[in-house]
Structure formats: C-alpha cells, structure tokens
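Structural overview
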Amino acid sequence: QLRIISMQKGGDIGAVFTRLATAVNELKEKLGFQCTSNLGFLSSCPTNLGTGMRASVHIKIPLASAHPDFKQICDDNNIQARGIHGEHSDTSGGVFDISNKRRLGLSEVECVQDMYNGVKKLIDFEKALAAGFPSFKPETKSALRRFLTLDVFNQLKDVKTERGVTLKDIINSGVQNEDSGIGVYLGDEESYTAFGMLVNPMIEEYHKGYKVTDTQPSDFDPAHLEAPNPDPDDQFVVSTRIRVARNLSGHSLTPALGKEERLEVEKKVVGVLESLEGELKGTYYPLTGMDDATAQQLVDDHFLFKKGDRFLDAAGINKEWPEGRGIFHNEAKTFLTWVNEEDQLRIISMQKGGDIGAVFTRLATAVNE
C-alpha cells in the first residue's frame, strides 16, 4: 500500500536514512502498519518481509563490474547489483544500482549498513583496479591470486624499499603468467618485511608447519650427518647432487640487479671462486663471449644454464642477458657454481653413485669457505 522513499544526489547515505526514518516513524504513529514479531512488516511479496527496506545507490564502477570477481564481491557483502532502471534492466556506462539483499532478520540500520559496506567495498575495488590491481581469470590458482586481496593491495601499492622495489615489481611475473604456482619474486632483503603482509602467508602455506616468527636452524657440519652410502655396490643410485642458493649481503636480489651491480657481484664471486684450492680449485667460464667449443662442452656436461623461462623473464631476472653470468667448476667436475642465474649463487656438489656424505662434505667445505 505504501512505498516510502527518501533520495537525493550524491552519497550522503546518513542524510537520506535520517529523512526516511523521520517520515516512517511519523506515518507509523498516525496510520499503524501490519507487523508481526517473527516476520516483521508484512508485504504481499515474501521477499519484502522484515524491514521491507531496499537501500540503494547508483554508482559508476566500469572496471569493478567487468571484473570476474564482481558477482562474488556482491554475494560476500550481501548486496545486489542491477541496472539503473530496476531489476533485470541493463546497465549503462558501468553505472549500477547497488542495494542490500537481506531484509528479514536485520534491523533497518543493519540493512542500510549492509548496503553501505558493500558500496564502500566496490568503490575501493574500482579505485584499486584503476591503480593497477591485477585482474585474474577465475581459474587462476596461484598463491598471488589467493593472497593478494584488495585490502592487501591498497596497503602495499605505494610501498617502495630503499633500493626502489615496489609491489608491481614483485608481482609482475605472477600477473603476466597466471599459471604460476607462487607468482612473486622478491627484489631485495627489505622486500620480505616491506611486503610481508602478502609474502608471509605464501611462505607459511608452502613451507607447511613453519611460521615466519620461527628461527631457521643451520648446521653445515658433516660430522652431524648420518648418511652412509645406501648403495655401496652402485646398483641403484646413479648420481647424487646437493645444491644451495645464496645471495650476497649488501646487494639487491637478482630481479632488481642492474647491470653495474650484477657485474660487481660477478667480480666479487669470481675472485673468491678462483682463490679456492685443493679439490675445489677450478675455472670460471663467463657466458659473455663464450666460444662454441666451450659452450658445447658445458652442454655435454649438463652444466650450462640457459636464459630464464617466461616466469623469470617477467620477474626481471633475464635483464642484459648473458652479461654478468657464468659457470665455475672444479677439475673433477664434482663442484659447480652458477653465477647470477635465478639467484646470485647456485653452489652445487655432485658425483656418481650414492655417497651422500661425500657430496655433503664437499658442499659444506665450499659454502663455509
């Protein structure tokens, strides 16, 4: 019998609600409305039971409304999106009518609060998309897709480390390659704290049972390893290989390395590698200017690493390839170090057979030195 409406231009929801409340309370006092304790205010349509309230705003959200998550955001916030000319009508220019979906079991204030919270979320989402919040396909399952929420993005989008690493830098690979497993590559040591809100949940999910507040143990003493050769007759184990990744203190991580800094890292590392003696003594082979014969020998030995794949390329790891990269190995070809690949150092110990203790001892000696 009555549709009581309060409206005005702009987003002053409080003023609109105050006017409506004044009118409804006065009309109720003078007219009396059908109302029960369990169903609230009665209506010919059961969908209007309870408060009988539909609070709405018309908002322009072309980016948010085109995003695959638009319907889910509406559902999660108990709001309904429809065209500006009513239910089942089309939108125009990305303008939608957004209203509360719930009416029964909530007070009038709670209904308007539902609408307000949902509208605020959509406006924040629209702003984030305009500022670069990535749009993923619904089928994307990367950790980046799952952990980069709108709230996290808004808090991190303007963060920059002292070395200039930004959120855009660390997520670019995962944005460009939606089939990534993780989707982030950190640019420097500070990134792990500056972007911890995003990265820490990924770390704890991947390294199950470990919390970033725990303390990482370290023990490179071969005497503590209980690993006698499981195959002393060489019938089953073909070869054994143990490697570690390391990056130099005081430098960016590989994705953020510029040309000069990468060459500086190479110079420092090669100087130390070429000073090794005994079993570890060997030769460094820079990729820049490498002749065909040397390259073929390294391929035959399965030592030569190639330019990074599309995931590493999008992370910035392939910049100025192959400058500042190279391979070091000892004469016996049981100790190998890659310089400025995915990490600044990949230190590798390997040999035929299953003498794990010998392989670990060699690696420990090299890493500790």
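Residues numbered from 1 in each chain as written. Predicted model: local features only at pLDDT ≥ 70, side-chain atom pairs only at ≥ 80, totals over all residues. Heavy atoms only, no water.

1. Re the overall build of the protein chain
When you go through the protein chain residue by residue, the secondary structure sums to 13 helices and ten strands. Over its C-alpha atoms the protein chain spans a radius of gyration of 31 Å, topping by over 25% the 21 Å that the globule rule assigns to 369 residues. For the protein chain, the spread of C-alpha atoms along the three principal axes comes to 100 × 45 × 35 Å. Of the roughly 21400 Å² of accessible surface on the protein chain, 51% is carried by carbon and sulfur atoms. A distance of 10 Å separates the average location of the 42 positive side-chain charges in the protein chain from that of its 54 negative side-chain charges. (Helix = DSSP H or I, 4+ residues; strand = E, 2+ residues; numbered from the N terminus. Rg over C-alpha atoms; globule rule 2.2 N^0.38 Å. Areas by Shrake-Rupley, 256 points an atom, 1.4 Å probe, with all protein chains shown as cover. Lys, Arg positive; Asp, Glu negative; His and termini not counted. Charge placed at Lys NZ, Arg CZ, Asp CG, Glu CD.)

2. Some thoughts on the pairing of strand E5 (residues 95-100)
For E5, the tally of buried residues reaches six of six residues, placing the bulk of the element in the interior. The pairing of strand E4 (residues 79-82) with E5 spans four bridges and is antiparallel. Counterpart to arginine 82 in the pairing with E5 is aspartate 97. (Buried < 20%, exposed > 50% of the residue type's maximum accessible area, 1.4 Å probe, protein only. Pairing = 2+ DSSP bridges.)

3. So, unusual backbone geometry
Here the amide bond leading from tryptophan 321 into proline 322 is cis, since omega sits at 0 degrees, within 30 degrees of zero. As for its placement among the helices and strands, proline 322 is situated in the loop between helix H12 (310-315) and strand E8 (326-330). The backbone of lysine 333 shows a phi angle near 60 degrees, a positive value even though the residue is not glycine. Tracing the backbone shows lysine 333 in the loop between E8 and strand E9 (335-339). Of the residues examined, lysine 333 reaches a relative accessible area of 31% and is grouped as partly exposed. In this model, asparagine 340 sits at a positive phi of 60 degrees, which is unusual for a non-glycine residue. On the secondary structure map, asparagine 340 appears in the loop between E9 and strand E10 (345-352). For asparagine 340, a relative accessible area of 1% corresponds to the buried category.

4. Remarks on the pattern of salt bridges
Following the criterion strictly, the structure yields 22 salt bridges and no others. We note a salt bridge from lysine 121 to aspartate 151, for which the minimum N-O separation is 4.0 Å. Residue lysine 121 is found in helix H4 (residues 108-130), and its partner aspartate 151 is found in helix H6 (residues 150-156); the two are separated by 30 residues along the sequence. Residue class for lysine 121 comes out partly exposed when judged on its relative accessible area of 27%. The salt bridge involving aspartate 301 is made with lysine 333; its shortest N-O contact spans 2.8 Å. A residue pair is termed long-range when its members are at least 10 positions apart, and aspartate 301 in the loop between helix H11 (292-300) and H12 and lysine 333 in the loop between E8 and E9 qualify at 32 residues. Connected through salt bridges with shared partners, the residues Arg54, Arg82 and Asp97 form a single ionic network. (Salt bridge = Lys/Arg side-chain N within 4 Å of Asp/Glu carboxyl O.)

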